[in-house]
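Here's the letter readout for the chains.
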Amino acid sequence: MSQTVDFVVAIPARYAASRLPGKPLRLLGGTPLVLRVAERALQAGAREVWVATDDARIAEALQGLPAVRVAMTATSHASGTDRLAECAAQAGWSDDTLVVNLQGDEPFAPAEGIRTVAEALVYSGAEMATLATPVEDAASLFDPNVVKVVRKENLDALYFSRAPIPWHRDAFAQSRDTLSGPHWLRHIGIYAYRAGFLRRFAALPPGGLEQLESLEQLRALEAGHRISVALTPAAFPPGIDTPEDLERAEAWLAAQG
């Protein structure tokens, strides 16, 4: 990472996750998920690491990491972005502070990936930055829980969708069981932005496309803001959203020895 890129990491951690209640405190290898995510942020070299939560039990779970600060935020926030905007106010970050939004369900987030999204924001000049990785199989491409992204030539996001975009008309007319070429990117839900833009973004009304796709990043695109999309330099396994995801993560961790 360039020595000129100075950043903080903020981790939204809501207790009442709909598909996996109490998700931040679910154990993975005997350690709460939120603790594993915070450790990854520290390994990436962030100047500050904050967890923005709405539950004292999550704050208590982080007491073993004194380098991590906790922002107790409102339970009424509709999104992680709203929660981080309140965290930014509590932390007193200036508008120029570079904030990496690392989701609280990413226990395997690579340090290189966290640094890369911060660098992408700086070097692209965009208002936001995020990461992507090639889609590896047809099942993932057609899975609506796997978000896809299409980039412009300048690497800015053109569109995010739960649909399989771009649609390979000729190839898919023959078969949808295999992929023909490196045309597809899986979006990785990590973001970087300046604290000033974070505040403005959180204040924007939800957009129509955002509500259709249930993808908050579309709010920024609809409002005319740039989102730079860099490829992750290291494997960035999907986050944990369901009990099945947690079981797979547990098996993967056990296989690592």
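The structure this text deals with has already been given above.
Residues numbered from 1 in each chain as written. Predicted model: local features only at pLDDT ≥ 70, side-chain atom pairs only at ≥ 80, totals over all residues. Heavy atoms only, no water.

Student: Would you take a moment to explain the pattern of salt bridges for this structure?
Tutor: A side chain of one charge can pair with a side chain of the opposite charge when the charged atoms of the two come close. For the coordinates displayed, the defined rule picks out 12 salt bridges. With a shortest N-O distance of 2.7 Å, R47 and D6 are connected by a salt bridge. Residue R47 is found in the loop between α1 (33–43) and β4 (48–53), and its partner D6 is found in the segment before β1 (8–13); the two are separated by 41 residues along the sequence. Among the salt bridges present, the one from R169 reaches D170, with a minimum N-O distance of 3.1 Å. Residue class for R169 comes out exposed when judged on its relative accessible area of 63%. One connected set of salt bridges, linked through shared partners, spans D6, R47 and E48. (Salt bridge = Lys/Arg side-chain N within 4 Å of Asp/Glu carboxyl O. Helix = DSSP H or I, 4+ residues; strand = E, 2+ residues; numbered from the N terminus. Buried < 20%, exposed > 50% of the residue type's maximum accessible area, 1.4 Å probe, protein only.)

Student: Which parts of the structure should I look at to understand helix α7 (residues 195–203)?
Tutor: Given 3.6 residues per helical turn, the α-helix brings residues three or four places apart onto the same face. Residues of α7 that are buried: A195, G196, F197, L198, F201 and A202. The secondary structure elements touched by the buried residues of α7 are α3 (80–91), β6 (98–101), β7 (128–134), β10 (185–194) and α9 (217–222). (Contact = heavy atoms within 4.5 Å.)

Student: Teacher, can you tell me more about helix α4 (residues 111–124) here?
Tutor: Along its 14 residues, α4 runs 20 Å from first to last C-alpha, staying within 8% of the 20 Å computed at 1.5 Å per residue. What α4 keeps buried is the set A111, G113, I114, T116, V117, A118, E119, A120 and L121. As for α4, its buried residues are in contact with β1, α1, β6, β7, β10 and β11 (227–231). Phi turns positive one or two residues past the end of α4, at G125, with a value near 75°. (Expected span 1.5 Å × (residues − 1).)

Student: Would you take a moment to explain the pairing of β10 for this structure?
Tutor: Within a regular strand, side chains alternate between the sheet's two faces. Within β10, eight of the 10 residues are buried, which leaves the element mostly enclosed by the surrounding structure. Pairing of β6 with β10 involves four bridges; the strand directions are antiparallel. If you follow L98 over to β10, its bridge partner there is R194. Pairing geometry for β7 and β10, over seven bridges, is antiparallel. Its bridge partner lying in β10, M128 is registered against Y193. (Pairing = 2+ DSSP bridges.)

Student: Even after reading the chapter, I still don't get the side chain of R186, so can you show me in this structure?
Tutor: Turning to its location among the elements, R186 is positioned in strand β10. As a buried residue without a salt bridge, R186 has its nearest oppositely charged side chain in E106, at a separation of 6.4 Å. Looking at R186, its side chain comes within polar contact range of the main-chain oxygen of F236, at 2.8 Å. Beyond its immediate chain neighbours, meaning those up to four positions away, R186 contacts L131, A132, T133, P134, V135, V146, V147, F236, P237 and P238. (Lys, Arg positive; Asp, Glu negative; His and termini not counted. Polar contact = N/O pair within 3.5 Å; in protein donor to acceptor, adjacent residues only side chain to side chain.)

Student: Mind showing me how you'd approach the nonpolar core here?
Tutor: One finds F7, V9, I11, V100, L102, I114 and I190 to be the most contacted residues of the largest nonpolar core, which totals 35 residues. Of all the secondary-structure elements, those providing two or more residues to this core are β1, α1, β4, β6, α4, β7 and β10. When residues of this core are assigned to their parent elements, the largest contribution, six residues, is made by α4. Among all residues touching I190, those that are not within four sequence positions of it are V100, N101, L102, I114, V117, A129, T130, L131 and F236. (Core = buried A, V, L, I, M, F, W, Y, C linked by side-chain atoms within 4.5 Å.)

Student: Teacher, can you tell me more about the packing of α3 against α7 here?
Tutor: A pair of packed helices is characterised by two quantities: the angle between their axes and the separation of those axes. Orientation of α3 relative to α7, taken along the N-to-C sense of each, is 135°, at an axis distance of 9 Å. With respect to each other, α3 and α7 are oriented oblique. The interaxial crossing formed by α3 with α7 has left-handed handedness. Contacts between α3 and α7 pair T81, D82, L84, A85, A88 and A89 from the former with L198, R199, F201 and A202 from the latter. (Axes fitted to C-alpha atoms, helices over the stretch in contact; angles between N-to-C directions. Parallel < 35°, antiparallel > 145°, perpendicular 65-115°, else oblique. Left-handed = near helix turned anticlockwise from the far one by under 90°.)

Student: Can you walk me through the pairing of β1 in this structure?
Tutor: Extensive coverage of β1 is indicated by the burial of six of its six residues. The alternating pattern of β1 places V8, A10 and P12 and V9, I11 and A13 on opposite faces, both of which are buried.

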